[in-house]
Amino acid sequence: MESNNDLAAELKKVTRELASYKIELHQTRGYLHCILQNSRDMIFATDVTGIVVSFSKGAEKILGYSLAEVIGRPITDFAEDPSAFEQVMNSCQTDGCAVTLDFHFRHKDGSRVHCHASLMSLTNREGGVVGTVGVCTDITQWKKLQDDLVQVDRLAEIGRIAAGVAHEMNNPLAVISEASGWAREVVTDAAGLADVDRKELLDTLEKIDAQTRRCRHITHRLLDFTRDSAPAKQALDIHELLRGTVELLRPELKHSPVKVEFGFSDDPLMVRSDPRLLEQVFVNVVTNAVHAVLESGKPDGQIAIRTARYDSGVQVDIEDNGGGIPKENQDKMFKLFFTTKPPGKGTGLGLPICRNLMEKLGGEITFETEPGQGTTFTLWIPGD
Ligand SMILES: Nc1ncnc2c1ncn2[C@@H]1O[C@H](COP(=O)(O)OP(=O)(O)O)[C@@H](O)[C@H]1O
Ligand SMILES: [Mg+2]
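### Let's talk about the overall build of the protein chain
A tally of helices and strands in the protein chain yields nine helices and 12 strands. Its C-alpha atoms give the protein chain a radius of gyration of 33 Å, clearly above 21 Å, the size a compact globule of 384 residues would have. With the C-alpha coordinates aligned to their principal axes, the bounding extent of the protein chain is approximately 145 × 40 × 40 Å. For the protein chain, contacts bridging at least 24 residues in sequence account for 61% of all contacts bridging at least 6.

Structure follows, in structure tokens:
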């Protein structure tokens, strides 16, 4: 009788405990569910072989895959370097946890996702490893910001150096200019000089003078650029500016098989902007197009420049039929110092400077490219 009572009491106690465990389990489940549904981080769990068994909402957003697309696949499939990720997973299973500060995953669209990844191993009651849990924070935006800051810093440094160089160049340029002016007077007045020699000397002096003016123009532009002055906006005709730009490049184009075609009318296309800055952008983009066409070795090299009113501004398309831009280079185009040209020909400064100038003007520069076919750079210039 006694033992029956004991048994009943024990049963009651166990039932109570069971009920409280049930509540606890329910709460823990709710807690987990809440984290998996709401955390912006990528949270996943795998079994001991690395096959995904759980994938949070944040993970779906970060990698672009739905839960159904991921469950049952090895988590390493989503890493940029699967074998490196496997090593991290292995070291997590041996040490109980692992942290990598900048790990790269691949988004479904192919883009790179930078993550700060922490992995922990899941164990059963006996302490045996049954899987891995990963919590990864997407730091792609942060990385980009950091890269941009480094670029801005380098740009500022280059600005300082360029300003110094430009300033130093002005004095010798002034001396050359003065000396050539004086030499011109001497040659003009020199008695006993054959006409043909005089002409040849004067032509040479004219060339020296023209090139000196060009150098001075460049140093002034550099100084203007580094001074970071606000754009000086004025009413200007985009068509005239474009024709002038191509004229400026004429000496380069003269000996090359590249044809430049203007796809616009003779009518003016007026905006309020800074002609100096715009010209700098046009020169850079058209020069790049010329290089692209020449490098591609196509016999019928062509550059088409088109304009149109767009939104409250003007759109300029500069299209070339050069070699296009390979996929792996496309997101590096506006990076400081990115160049595919040999030293002496490319500096990798053209496009970052163009972007900087277009931002100053409140505009935009973008491109579309078809590897092997050609590239179109599009500039959008606000109307005022
Ligand atoms: N129209 C174009 N077609 C193909 N590639 C281009 C074009 N414009 C720019 N590029 C690529 O972008 C790189 C960077 O251009 P840029 O910043 O002007 O520097 P740089 O001309 O000194 O190399 C070039 O080296 C080239 O590889
Ligand atoms: Mg360039």
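### A look at the site of ligand 1
Residues in contact with ligand 1 amount to 19 residues; listed here are only the nearest, N288, A292, T339, G346 and G350. At the level of elements, α8 (275-296) and α9 (350-360) are the ones that each hand at least two residues to the shell around ligand 1. Top contributing element to the shell around ligand 1 by residue count: α8, with four residues. Its residues placed into classes, the shell around ligand 1 shows seven nonpolar, 10 polar and two charged.

### Some points on the sheet that holds strand β12 (residues 374-382)
Taking strand neighbours across the sheet as the criterion, the five strands line up as β7-β9-β10-β12-β11 in an open arrangement whose pairing is mixed. Looking at strand neighbours, the two that pair on one side only are β7 (259-263) and β11 (364-370), the edges of this open sheet. Adjacent strand axes in the sheet meet at a mean angle of 15 degrees when their direction is disregarded. Of the pairings in the sheet, the one linking strand β10 (residues 313-320) to β12 comprises eight bridges and is antiparallel in character. Its bridge partner being in β12, V314 is matched across the sheet by I381.

### Quick word on the nonpolar core
Grouped together as the largest cluster of nonpolar side chains are 29 residues, with contacts concentrated most on V281, V285, A289, I303 and I318. If you list the elements that add at least two residues to this core, you get α7 (238-254), α8, β9 (302-310), β10, α9 and β12. Looking at which element gives the most residues to this core, the answer is α8, with 10 residues. Contacts of I318, omitting those with residues within four sequence positions, involve V285, V286, A289, I303, I305, T376 and F377. Ranked by size, the runner-up nonpolar core spans 22 residues in total, among them M42, A79, M89 and A98.

### Quick look at the domain arrangement of the protein chain
Often, the extent of an interface is quoted as the loss of accessible area on bringing the components together. Segmentation of the protein chain into domains returns domain 1 (39-138), domain 2 (141-229) and domain 3 (233-384). On a C-alpha basis, the centroid separation for the pair domain 1 and domain 3 is 44 Å.

### Let's talk about α8
The end-to-end C-alpha distance of α8, which contains 22 residues, comes to 31 Å, matching closely the 32 Å that a straight helix rising 1.5 Å per residue would cover. One or two positions beyond α8, positive phi appears at G297, with a value near 70 degrees.

### Digging into α9
Among all positions in α9, only G350, L351, P352, C354, N356 and L357 are buried. The inward-facing, buried residues of α9 abut α5 (140-189), α8 and β11.

### Things to note about the packing of α8 against α9
Here α8 crosses α9 at 150 degrees, and the two axes come no closer than 9 Å. Regarding α8 and α9, the two cross each other, and that crossing is left-handed. Packed against α8, whose contacting residues are L277, Q280, V281, N284, V285 and N288, the element α9 presents G350, I353, C354, L357, M358 and K360 at the interface. Considered class by class, the residues forming the contact of α8 with α9 number seven nonpolar, four polar and one charged.

### Some points on the confidence of the model for the protein chain
Looking at the protein chain, pLDDT values average 91 and 97% of them are 70 or higher. Within the protein chain, the lowest mean pLDDT, 85, falls on helix α6 (residues 195-227), and the highest, 98, falls on β12.

### What to know about unusual backbone geometry
One non-glycine residue, D311, lies in the positive phi region at around 55 degrees. Relative to the elements of secondary structure, D311 occurs in the loop between β9 and β10.

### As for the sheet that holds strand β5 (residues 129-138)
Hydrogen bonds between backbone atoms are what pair the strands of a sheet, whose relative direction is either parallel or antiparallel. Taking strand neighbours across the sheet as the criterion, the five strands line up as β2-β1-β5-β4-β3 in an open arrangement whose pairing is antiparallel. Every other strand in the sheet has two partners, leaving β2 (52-55) and β3 (97-106) as the edge strands with one partner each. Each strand of the sheet is rotated relative to its neighbour by a mean of 25 degrees, with strand direction disregarded. Pairing of β3 with strand β4 (residues 112-123), which is carried by eight bridges, proceeds in the antiparallel orientation. Within β4, the residue paired with F105 across the bridge is V113.

What counts and what doesn't
Residues numbered from 1 in each chain as written. Chains lettered and ligands numbered in written order. Predicted model: local features only at pLDDT ≥ 70, side-chain atom pairs only at ≥ 80, totals over all residues. Helix = DSSP H or I, 4+ residues; strand = E, 2+ residues; numbered from the N terminus. Rg over C-alpha atoms; globule rule 2.2 N^0.38 Å. Contact = placed C-beta atoms within 7 Å. Near = placed C-beta within 6 Å. Nonpolar A, V, L, I, M, F, W, Y, C, P; charged D, E, K, R; others polar. Pairing = 2+ DSSP bridges. Axes fitted to C-alpha atoms, helices over the stretch in contact; angles between N-to-C directions. Core = buried A, V, L, I, M, F, W, Y, C linked by C-beta atoms within 7 Å. Buried ≥ 20, exposed ≤ 12 C-beta atoms within 10 Å, placed from the backbone. Domains from an automatic or database assignment. Expected span 1.5 Å × (residues − 1). Left-handed = near helix turned anticlockwise from the far one by under 90°. pLDDT = per-residue confidence, 0-100.

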